[in-house]
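# Descriptive analysis of the structure
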Amino acid sequence: MALDEDGIRLLQVVGLYSSVYTEIGTCKSAAARYFREEESRLGNKLTKAQFIGVIGGTEPVLDKPAFVEMDYGTTEGGTGHIGFICHKQPALEKGLRDRMAALKACELRSGCEFVCTTTHKGSRKDSSCFFVGADWKTGFTRKQYLEPKGIIMEQAHQAFYEEVWVALNWQIDLPSEKTQLGYTPEQVYDLFFPIDFRFICNPRRPAVCGRFGLPSDRLWRFEFFVMKDEGGDEMSKPEKIKEVVFPYIRHAGSQYDLSQDVAFPEDCIKVLRSRPFKFSARSCNRWSDGRVILCGDAAHIFPPFGGQGIASGFRDAVSIAWRLVILCNNQSLVKTVHERVLKAWYKERKQQPEKSLASTIENGRFVTEKIR
Ligand SMILES: Cc1cc2nc3c(=O)[nH]c(=O)nc-3n(C[C@H](O)[C@H](O)[C@H](O)COP(=O)(O)OP(=O)(O)OC[C@H]3O[C@@H](n4cnc5c(N)ncnc54)[C@H](O)[C@@H]3O)c2cc1C
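Below: a short report on this structure. (Residues numbered from 1 in each chain as written. Predicted model: local features only at pLDDT ≥ 70, side-chain atom pairs only at ≥ 80, totals over all residues.)

## A closer look at the sheet that holds strand 5 (residues 84–87)
- Pairing in this open sheet of three strands is antiparallel, and the strands run 1-5-2 from one edge to the other. If you trace the sheet from one side to the other, it starts and ends with strand 1 (2–4) and strand 2 (25–26), each paired once. (Pairing = 2+ DSSP bridges. Helix = DSSP H or I, 4+ residues; strand = E, 2+ residues; numbered from the N terminus.)

What follows is the structure, encoded as structure tokens:
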């Protein structure tokens, strides 16, 4: 969902910049800034736009002043790109696949089995100089080839984060008619689903929520903490979602001079996903052995309080790719120095996940403080 400025830069590197804001995502801070300017120009407070807002309190209200606010529309990070976009992952992946097909520098083969073997009896043999496993935290490559050689996925820093959250994605339809109060369907949507991202430091149940994808996609993410005595599967069920999430899209009638509360119409909400995830902070003690290499979540896992998982995987891939090109084009190097090259790659790369994991964990602590 969140892709930081370096991730955007790397999409530009592979030739995808033109679709970053037209197909993949939007910078919500930039959108919020626009709405703020509109608000002050028009003198109304319809959207109550903030940037990334950190809100507190136990009452389920999204539209309240943030006690910390971050502007991710800024270009102060130094890459020249805005802080981050909230993107739609299928659009991002489609863009990458299309680029692979167009560049012809690589070939995507899905649904097939890769057998690492040195002997060949009758069946097809795939051989390569190097094998890079970017196969998620379950880590088939790690378990199969690297754990026997002492590579393990271990806790990151002293602060070990391992908690279950439910993540749901909704697609919102606009309510069909103008309301009695004169709001247009688009305005009703804006009132109930704030434009910008929220960290909800509710000590009873921390949560995060925000829109993602293009504005026209009207996609909304809500992630909430699952208590130790609750089951993740149970808490993902519609009746539990009604208990936990729906109060946030119900407004007090007094807000509109009405005697009854007002809720966003349920039949305008399509549930795209509602399921539990274990959020962890882990990293492997080494990322390669011999000619087998780990990248992305297979090498390091972030809890999603800093939006660093995808960008870190991109960085791994980009920084290993040019090294492998040099090695593969110089077979003599593979025989002599490849281990040194891979060690240097790990030494260079591990600095960023270490720092990002530390700040992500800190961010997570901040959001979940009272319940821990
Ligand atoms: C709820 C949630 C919210 C998140 N939010 C963010 C966010 O806002 N920003 C962010 O940057 N990150 C976020 N992340 C983390 C992000 O999704 C991951 O860091 C990222 O997807 C890792 O990319 P990857 O390519 O390493 O692994 P994946 O995206 O997991 O891809 C691994 C692929 O390997 C395949 N695979 C696995 N085993 C095998 C096998 N044996 N053979 C063949 N294929 C195999 C899988 O099918 C999969 O397609 C979030 C994660 C979760 C769960």
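## Re the nonpolar core
- Grouped together as the largest cluster of nonpolar side chains are 54 residues, with contacts concentrated most on Leu3, Ile85, Ala207 and Ala281.
- Sort the elements by how many residues they give to this core and strand 11 (residues 219–225) lands first, with five residues.
- Two domains each donate at least three residues to this core, and these are domain 1 (129–159 + 281–372) and domain 2 (162–280).
- Grouped together as the second largest cluster of nonpolar side chains are 16 residues, Val132, Cys284, Cys295 and Leu327 included. (Core = buried A, V, L, I, M, F, W, Y, C linked by C-beta atoms within 7 Å. Buried ≥ 20, exposed ≤ 12 C-beta atoms within 10 Å, placed from the backbone. Domains from an automatic or database assignment.)

## Quick notes on the sheet that holds strand 15 (residues 282–284)
- The sheet built from three strands is open, its strands ordered 7-15-18 with antiparallel pairing. Of all strands in the sheet, those with a lone pairing partner are strand 7 (153–155) and strand 18 (300–301), marking the two edges.
- Looking at chain direction, strand 15 and strand 18 are connected through two bridges and run antiparallel. Bridge pairing in strand 18 places Arg282 opposite Ile301.

## With respect to the site of the ligand
- The environment of the ligand is made up of 18 residues, and the closest members are Trp136, Phe140, Gly296, Gly309 and Ile310.
- For the shell around the ligand, the element with the highest residue contribution is helix 9 (residues 309–329), accounting for four residues. (Near = placed C-beta within 6 Å.)

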